[in-house]
Amino acid sequence: FWFVPAVEVKIEVVIPEKERSKEEMSPNGKASPLVYRVNGTARHYHLEEHPIASNPYHNPKDVVEASVCHVKDLENGQMREVDLGCGKALLIKESGEFHAVGHKCPHYGAPLVKGVLSKGRVRCPWHGACFNISTGDIEDFPGLDSLPRFQVKIEKEKVYIRASKQALQTQRRTKMMAKCISLSNYNLSSTNVLIIGAGAAGLVCAETLRQEGFSDRIVMCTMDRHLPYDRPKLSKSMDSHPEQIALRPKEFFCTYDIEVLTEMQVAAVDVKSKIAVFKDGFKMEYNKLLIATGNTPKTLSCKGKEMENVFNIRTPEDANRVVKLATSKNVVIVGASFLGMEVAAYLAERAHSVSLVELEHVPFKKFFGERVGRAVMKMFENNRVKFYMQTEVSELREQEGKLKEVVLKSGKVLRADVCVVGVGAVPATGFLKQSGINIDSKGFIVVNKMMQTNIPGVFAAGDAVTFPLALRNNKKVNVPHWQMAHMHGRIAALNMLAHGMEISTVPYLWTAMFGKSIRYAGHGEGFDDVVIQGDLDELKFVAFYTKSDEVVAVASMNYDPIVSKVAEVLAAGRTIRKRDVDAVVFLSFRTGDMSWLTGKGS
């Protein structure tokens, strides 16, 4: 299925404001044309001439202005949620200046007043997205939209905010973007930018290109039947329908001329000819290529693995069907991975029984450590989830063609109407084996800090790559998480446009189970000790993961916004030592003092 935006007779380009200021003027005072080279052919385009309105609020009836506080009510470094009558804003004071932006994170609606303010940006307390307090622009992810920015003025020692009523209600702002100059001029089998994969990395890449004023053709292709959607919700909110979790509506892709080819699989890439060959034989020529194919779930190797009612959750339809079949039935989940544990938590109240089979003796041991893993395991057991640890599945048995039992190597036989497999994944890069693109021994695409592969013009992003992580002295790592995929896509887009941007973000992830969330920042691979503050039994704790006396990651439950605060410390280039953990918790959580963030070093 081809999802191709309709071609308009009158084609125009909407260029971001910051790009307008960069326009070079020709001797006659007209804007010089932009020049893009598509497959070696130069094409000249003129920018649309738009006067920039001095008043951003075009409709006076849509504007509200209110006095929100006295100038002395806020100290430097403080934030306050203020009510303007028809909506709220976040008022911030930093370095003696006041700023006002939306008060909710556009990602999942977290109250930003409970987040972290540091060096001109506010970080979400839930999932770590960062926003510039002067512009409202999103600077780190997850999420796609920025915050609305409101006017602030000081009169007679009082602080006033002037805002659009609509912006106060929506609490989000999509950055201005370019449009494609003229789709009618293109050969169907030729594009300037081809993006293989329509997850977070692919979508953010396409959006970033448009935000930066890129007005040539962009084509995304995906094996999925849907437009890009919020994939983490497949295991956290399993009965969500595709339209409920769509990252952007269909109209968005039409408006900004981002073409999406659904149910289209790339079988090979010829990097010398710059051609992608699809499984059905169709070929598409490209100028720049982004590979963001993600991963493929591992399957079981035992007898009966192909049986009906055995699932790898890969699509919304998979998740929906599991919920339907599992209701009041017996469910067996193989693998205490993030997906396996989240599915178990979601089905615990719906299924008759939920059994979880895992090779390790504690869930999440390699990621969160044994003590945190045991605390999480106890929470699951208190919610009727039965664990079968240190064993594997030896056979799946059927009755009348449907799953009946799961047989374990320990000899235990579990009743099962539905089986969900969550035993990990492998990078979906098999189609690149003969391409000349550098792939490591585990199948991951190797990229540099600019998300470039060893082939000029070919970039890669998301779960399928290893990249140098600044936080760990540029060690090549794979970070298969939602936030990181967003940032990969942005960095790749900027470097397609020759911005020379290097990735330096701090990994941030979360998992949700039984109405509780574990937040995590950093990269704890290879940690040798865990320092825990708080009470694991009460599920109110923060865990610091250390390697050779240095804190490399942090996790918490019911201890917000400690993870976001530590993420800001790490993002500032500071080192936290094991001996500093007590002070970190006291200063950041109990007093809210962030002054220790200033400067570099330990």
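For the protein chain, the name recorded in an unreviewed UniProt entry is Apoptosis-inducing factor 3, with Chaetorhynchus papuensis as its organism. For the record of the protein chain, the UniProt heading Subcellular location (unreviewed entry) holds the text "Mitochondrion". UniProt, in its Sequence similarities (unreviewed entry) section for the protein chain, records the words "Belongs to the FAD-dependent oxidoreductase family."

With that out of the way, let us pick up the overall build of the protein chain. Tallying secondary structure elements over the protein chain gives twelve helices and 39 strands in all. Here the protein chain holds 602 residues, and the buried ones make up 54% of them. In the protein chain, the proportion of contacts linking residues at least 24 apart, taken out of those at least 6 apart, comes to 62%. Surface summary for the protein chain: the accessible area is close to 26,700 Å², and the carbon and sulfur share equals 47%.

With that settled, the discussion passes to the packing of aromatic side chains. Under the counting rule described, the total for this entry stands at 15 aromatic pairs. Seen from their ring centres, F338 and F368 are 5.9 Å apart, and the 85° between their planes marks the pair as edge-to-face. Remark: F368 occurs in helix α8 (residues 365-368) and F338 occurs in helix α7 (residues 338-347); sequence separation between them is 30 residues. Looking at F338, the relative accessible area reads 22%, which means it is partly exposed. Residue classification places F368 among the buried positions, given a relative accessible area of 0%. For the ring pair F527 and Y545, a centre distance of 5.1 Å and an interplane angle of 65° mean the geometry is edge-to-face. Remark: Y545 occurs in strand β38 (residues 540-547) and F527 occurs in the loop between β36 (516-522) and β37 (529-535); sequence separation between them is 18 residues. Taking relative accessible area as the criterion, Y545 reaches 0% and is therefore assigned buried. What links up through ring pairs into an aromatic cluster is the set F338, F364, F367, F368, Y520, F527 and Y545. Between the NZ or CZ atom of K540 and the centre of the ring of Y559, over which it lies, the distance is 5.4 Å.

What follows covers helix α11 (residues 562-571). Across the ten residues that make up α11, a large majority, nine, are buried. A positive backbone phi angle near 85° is found at G573, which sits one or two residues after α11.

Turning our eyes to something else, we now look at the sheet that holds strand β18 (residues 275-278). Taken in spatial order, the three strands line up as β17-β18-β19 in an open sheet, and their pairing is antiparallel. One side of each edge strand has no neighbouring strand; the edge strands of this open sheet are β17 (266-270) and β19 (283-285). Pairs of neighbouring strands in the sheet enclose a mean axial angle of 20°, with direction left out of account.

This part covers the packing of helix α3 (residues 200-211) against helix α10 (residues 482-496). Between α3 and α10, whose axes approach to 7 Å, the crossing angle comes to 40°. Considering only the axes of α3 and α10, their crossing is right-handed. Facing A200, A201, V204, C205, T208, L209 and Q211 of α3, the residues of α10 in contact are W482, A485, H486, G489, R490, A493, L494 and M496. In terms of residue class, the contact of α3 with α10 is built from ten nonpolar, four polar and one charged.

Okay, the nonpolar core next. One finds L194, V269, L290, I291, F467 and F544 to be the most contacted residues of the largest nonpolar core, which totals 100 residues. Among the elements that make up this core, the one with the highest residue count is α10 (eight residues). Residues contacting F467, with those up to four places away along its chain left out, are V447, M451, K475, K476, V477, V479, M484, H488 and I503. Judged by nonpolar contacts, the second largest core, of 51 residues, contains I333, V385, M513 and F541.

An order of β26-β27-β28 is seen for the three strands of this open sheet, with the pairing classed as antiparallel. Looking at strand neighbours, the two that pair on one side only are β26 (393-399) and β28 (413-415), the edges of this open sheet. If you compare each strand with its neighbour and ignore which way they point, the axes differ by 30° on average. Inspection of the sheet shows β26 paired to strand β27 (residues 402-408) by six bridges, in the antiparallel sense. Across the sheet, V393 pairs through a bridge with L408, a residue of β27.

Mapped onto the fold, N312 is located in the loop between β22 (310-311) and α6 (316-326). For N312 and K298, which are 14 residues apart along the polypeptide, the C-alpha to C-alpha distance reads 8.1 Å. The residues touching N312, leaving out its near neighbours within four places in the chain, are P297, K298, T299, D318 and V421. Here the side chain of N312 touches K298 through a polar contact of 3.1 Å, landing on its backbone oxygen.

Glancing now at unusual backbone geometry. With an omega of 20°, the peptide bond running from F141 to P142 counts as cis. Tracing the backbone through its elements, the reader meets P142 in the loop between β11 (138-140) and β12 (149-155). At E157, a position not held by glycine, the phi torsion is positive, near 70°. Mapped onto the secondary structure, E157 falls in the loop between β12 and β13 (158-164). Positive phi, close to 55°, is recorded for N473, a residue that is not glycine. Within the secondary structure, N473 sits in the loop between β33 (465-469) and β34 (475-477). Accessibility expressed as a relative area gives 71% for N473, which makes it exposed.

With that out of the way, let us pick up the pairing of β27. Most of β27 is tucked away, with five of its seven residues classed as buried. Pairing geometry for β27 and β28, over three bridges, is antiparallel. Bridging from a neighbouring strand, V406 pairs with L414 of β28.

So, about α6. What α6 keeps buried is the set P316, D318, A319, V322, V323 and A326. With its buried residues spanning 165° around the axis, α6 presents them on a single face. At its buried positions, α6 is contacted by α4 (233-236), β22, β23 (330-334), α7 and β29 (418-421). One or two steps after α6, the chain reaches S328, where phi turns positive at roughly 65°.

Once that is clear, we can look at the side chain of K93. Position of K93 among the secondary structure elements: in strand β6 (residues 88-94). Put simply, K93 is tucked away with no salt bridge, and the nearest opposite charge, on E75, sits 5.8 Å away. The contacts of K93, once residues within four sequence positions are left out, are V71, L74, E75, N76, G77, Q78, F98 and L117.

Below, the discussion takes up the pattern of salt bridges. Tallied over the entire structure, the rule returns 24 salt bridges. Salt-bridge contacts for D73 lead to R80; the nearest nitrogen and oxygen are separated by 4.0 Å. Relative accessible area serves as the criterion here: at 38%, D73 is assigned to the partly exposed category. On the basis of relative accessibility, which here comes to 32%, the residue R80 falls in the partly exposed class. Taking the shortest distance from any N to any O, the salt bridge between K88 and E81 comes out at 3.5 Å.

Conventions adopted
- Residues numbered from 1 in each chain as written.
- Predicted model: local features only at pLDDT ≥ 70, side-chain atom pairs only at ≥ 80, totals over all residues.
- Heavy atoms only, no water.
- UniProt positions renumbered as here; feature names shortened; annotations may be inferred.
- Helix = DSSP H or I, 4+ residues; strand = E, 2+ residues; numbered from the N terminus.
- Buried < 20%, exposed > 50% of the residue type's maximum accessible area, 1.4 Å probe, protein only.
- Contact = heavy atoms within 4.5 Å.
- Areas by Shrake-Rupley, 256 points an atom, 1.4 Å probe, with all protein chains shown as cover.
- Phe/Tyr/Trp six-rings, centres within 6.5 Å; stacked < 30°, edge-to-face > 60°.
- Lys NZ or Arg CZ within 6 Å of the ring centre and 35° of its normal.
- Pairing = 2+ DSSP bridges.
- Axes fitted to C-alpha atoms, helices over the stretch in contact; angles between N-to-C directions.
- Left-handed = near helix turned anticlockwise from the far one by under 90°.
- Nonpolar A, V, L, I, M, F, W, Y, C, P; charged D, E, K, R; others polar.
- Core = buried A, V, L, I, M, F, W, Y, C linked by side-chain atoms within 4.5 Å.
- Polar contact = N/O pair within 3.5 Å; in protein donor to acceptor, adjacent residues only side chain to side chain.
- Arc of directions from axis to C-beta.
- Lys, Arg positive; Asp, Glu negative; His and termini not counted.
- Salt bridge = Lys/Arg side-chain N within 4 Å of Asp/Glu carboxyl O.

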